[in-house]
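Take a look at the letters that make up each chain.
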Amino acid sequence: MTTSEQDRWSRVKNRLRTNVGEDVYTSWFARMDLEGVQDESVRLSVPTRFLKSWIQAHYAERVLSCWQAEMPEVHRIDLTVRSAVRPVVQPKEAPAPVEARRAPVPELRSTATAPVSANHDALGGSPLDPRLTFASFVIGRSNTLAHAAARQVAEGRRGDPVMFNPLYIHAGVGLGKTHLLQAVTWAGNSGNERKVLYLTAEKFMYGFVAALKTQTALAFKEALRGIDVLVIDDLQFLQGKSTQAEFCHTLNALIDAGRQVVIAADRPPSDLESLDDRVRSRLAGGLVVEMGSLGEELRHGILKSRVAAARTHHATFDVPEEVLHYLARAITHNGRDLEGAINRLLAHSKLNNRPVTLEMAEHEVRDLIRPQEPKRIKIEDIQRVVARQYNVSRSDLLSSRRTANVVRPRQVAMYLAKTLTLRSLPEIGRRFGGRDHTTVLHAVRKIEALVSKDNALSEEVESLKRQLQE
């Protein structure tokens, strides 16, 4: 870079700082470098794809106008993402050959406008499945309310009052949570009016950690708070104190600003033990909707919908009604198993050039016929049943009291929590008055040892298990 180019670049940066303000400049442009000027084109670089996409989407005209104030002949700005390790180039060396440079990215032009999808890309939104729309969602008794609430969110317009915030949908695996959340995103973005962003909890964590590493955390936060509808899937996987704190701040900022938040998880807010109490309280303050298990009628409707979808690509594919009824009765676990069954029948029919029959269906889907899913047991249920059994209060179990009439029931409750739930020892300890995981481990081992030699206690524990599993 020549001395004149460096001086010109310094003046452009000062213009840009004055134009957008110090805070915005520090967030978005402090790490932008000038790579070179050639004819009507200026080459700039930033360290991350996140910065590149956001600047392209929101500051195209300002960057270009600042350069044109210095060089009226400039009509294009090429913005690239530079590699983490940049070669050291001596001042008098020739520039690197063209083929060694990064491929050019779409230029910034003064006439460019930023589509909604640009915001999605800038924040690293999770991929969307084009099949998961409201049109392909099958409505039944167990998901009517969740579908209606999701529809209401999707049909809202910018500036409309938010009816319930956040909308929190919870259900087991394969019951349609992700389908509804992606349907909200597709419908919201199709109008090109609101910024709707779909993120899995894992993607949210990755984006936040990556922003911290690249020193763009402030930019990440500002971008996230600019979303009109934030959709978060699989919240149960959100981990890490700093990430949870940032999620809590984002949640509060969006809700307080009247922006919509939609969240899905595999359990209600009260059961998300790994989340901070403040987050769970804020989640529970919105509309919490459970999507129940799929009834036989709904399973039949899903099967017919999947067959119809398959016919768009395989016009001769047909599944007799008796086969659909058999599959709806036999496959009860979740909607993904139903879709898998149709895919198997389609593959078997096409590859072997045979029509679908009941005998074929019985053979092909035999491993999808699972026993009924056991009842999900909550730690609160265990505490309530044990307290009733031993004539103590739940607050006694959570207290620091060490009397014999409380210690034994507490140990039994901890033992049942470990054996009947998937909760970790630290989670169980926290739910029992904030105890250390070593206390829980001691209780579990103590009861295991006693049950093996005390028949009366063994019968009590088995009775408690039956009560909880009924």
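Heads up: the structure comes first, above all this text.
Asks: Any chance you could break down the pairing of strand β5 (residues 196-200) for me, citing the residues and the numbers?
Replies: For β5, the buried fraction is high: four of the five residues fall into the buried class. As defined by bridge partners, β5 adjoins strand β6 (residues 229-233) across five bridges and the pair is classed as parallel. Across the sheet, Leu199 pairs through a bridge with Ile232, a residue of β6.

Asks: Lay out the packing of aromatic side chains with the relevant residues and their values.
Replies: Throughout the structure, instances matching the rule amount to three aromatic pairs. Look at Phe29 and Tyr59: their rings are 5.3 Å apart centre to centre, the planes differ by 80 degrees, and that puts the pair in the edge-to-face class. Placement of Phe29 in the loop between α2 (22-28) and β1 (33-38) and of Tyr59 in the loop between α3 (49-58) and α4 (60-70) is noted, with a sequence separation of 30 residues between them. The residues Phe29 and Tyr59 share a single accessibility class, namely buried. Here the aromatic rings of Phe204 and Phe247 are separated by 5.8 Å at their centres, their planes lie at 90 degrees, and the arrangement is edge-to-face. Here Phe204, found in helix α8 (residues 201-213), pairs with Phe247, found in helix α10 (residues 241-256); they are 43 residues apart in sequence, far enough to count as distant.

Asks: For α10, give the residues involved together with the corresponding values.
Replies: For α10, spanning 16 residues, the distance from its first C-alpha to its last is 22 Å, which sits close to the expected 22 Å at 1.5 Å a residue. Along α10, the residues that are buried comprise Thr243, Gln244, Glu246, Phe247, Cys248, Thr250, Leu251, Leu254 and Ile255. Lining the buried residues of α10 we find α8, α9 (217-225), β6, β7 (260-265) and α11 (277-284). Looking one or two residues past α10, Gly258 carries a phi angle of roughly 80 degrees, positive in sign.

Asks: Which residues make up the environment of Leu272, and what are the values?
Replies: One can find Leu272 in the loop between β7 and α11. On the basis of relative accessibility, which here comes to 1%, the residue Leu272 falls in the buried class. Residues Leu272 and Leu238, 34 residues apart in the sequence, show an inter-C-alpha distance of 9.8 Å. For Leu272, the residues in contact, after removing those within four places along its chain, are Tyr168, Leu235, Gln236, Arg267, Arg280 and Leu283.

Asks: Residues and numbers for the sheet that holds strand β4 (residues 167-170), please.
Replies: Taken together, the five strands give an open sheet; going across it, the order is β5-β6-β7-β4-β8, and neighbouring strands pair in parallel fashion. At either margin of the open sheet sits one strand with a lone partner, and together these are β5 and β8 (287-290). With strand direction ignored, the average angle separating the axes of adjacent strands in the sheet is 15 degrees. As judged from the four bridges shared by β6 and β7, these two strands associate in the parallel manner. What sits directly across from Val231, in β7, is Val262.

Asks: Give a description of the nonpolar core that names residues and reports values.
Replies: With 50 residues, the main nonpolar core has Leu167, Leu180, Val231, Phe317, Leu327 and Leu345 as its most contacted residues. Ranked by residue count, the leading element in this core is helix α13 (residues 321-330), at six residues. Within the second largest apolar cluster, 27 residues are counted, among which are Leu199, Ala201, Phe247 and Leu275.

Asks: Break down the sheet that holds strand β2 (residues 41-46) for me, with residues and values.
Replies: Within the open sheet, the three strands sit side by side as β1-β2-β3. Their pairing is mixed. Looking at strand neighbours, the two that pair on one side only are β1 and β3 (76-81), the edges of this open sheet. The sheet shows a mean angle of 20 degrees between the axes of neighbouring strands, direction not considered. Judged from the five bridges that link them, β1 and β2 form a sheet pairing that is antiparallel. The residue of β2 that forms the bridge with Leu34 is Leu44. In the packing of α4 onto the sheet, the strands contacted are β1, β2 and β3, and the crossing angle to β3 comes to about 125 degrees.

Asks: Give me the packing of α8 against α10: which residues, what numbers.
Replies: Running from N to C, α8 and α10 point in directions that differ by 105 degrees, and their axes come no closer than 10 Å. Judged by the angle between their axes, α8 and α10 are roughly perpendicular. Of the residues in α10, those touching α8 at Phe204, Met205 and Phe208 are Ser242, Thr243, Glu246 and Phe247.

Rules behind the numbers
Residues numbered from 1 in each chain as written. Predicted model: local features only at pLDDT ≥ 70, side-chain atom pairs only at ≥ 80, totals over all residues. Heavy atoms only, no water. Buried < 20%, exposed > 50% of the residue type's maximum accessible area, 1.4 Å probe, protein only. Helix = DSSP H or I, 4+ residues; strand = E, 2+ residues; numbered from the N terminus. Pairing = 2+ DSSP bridges. Phe/Tyr/Trp six-rings, centres within 6.5 Å; stacked < 30°, edge-to-face > 60°. Expected span 1.5 Å × (residues − 1). Contact = heavy atoms within 4.5 Å. Axes fitted to C-alpha atoms, helices over the stretch in contact; angles between N-to-C directions. Core = buried A, V, L, I, M, F, W, Y, C linked by side-chain atoms within 4.5 Å. Parallel < 35°, antiparallel > 145°, perpendicular 65-115°, else oblique.

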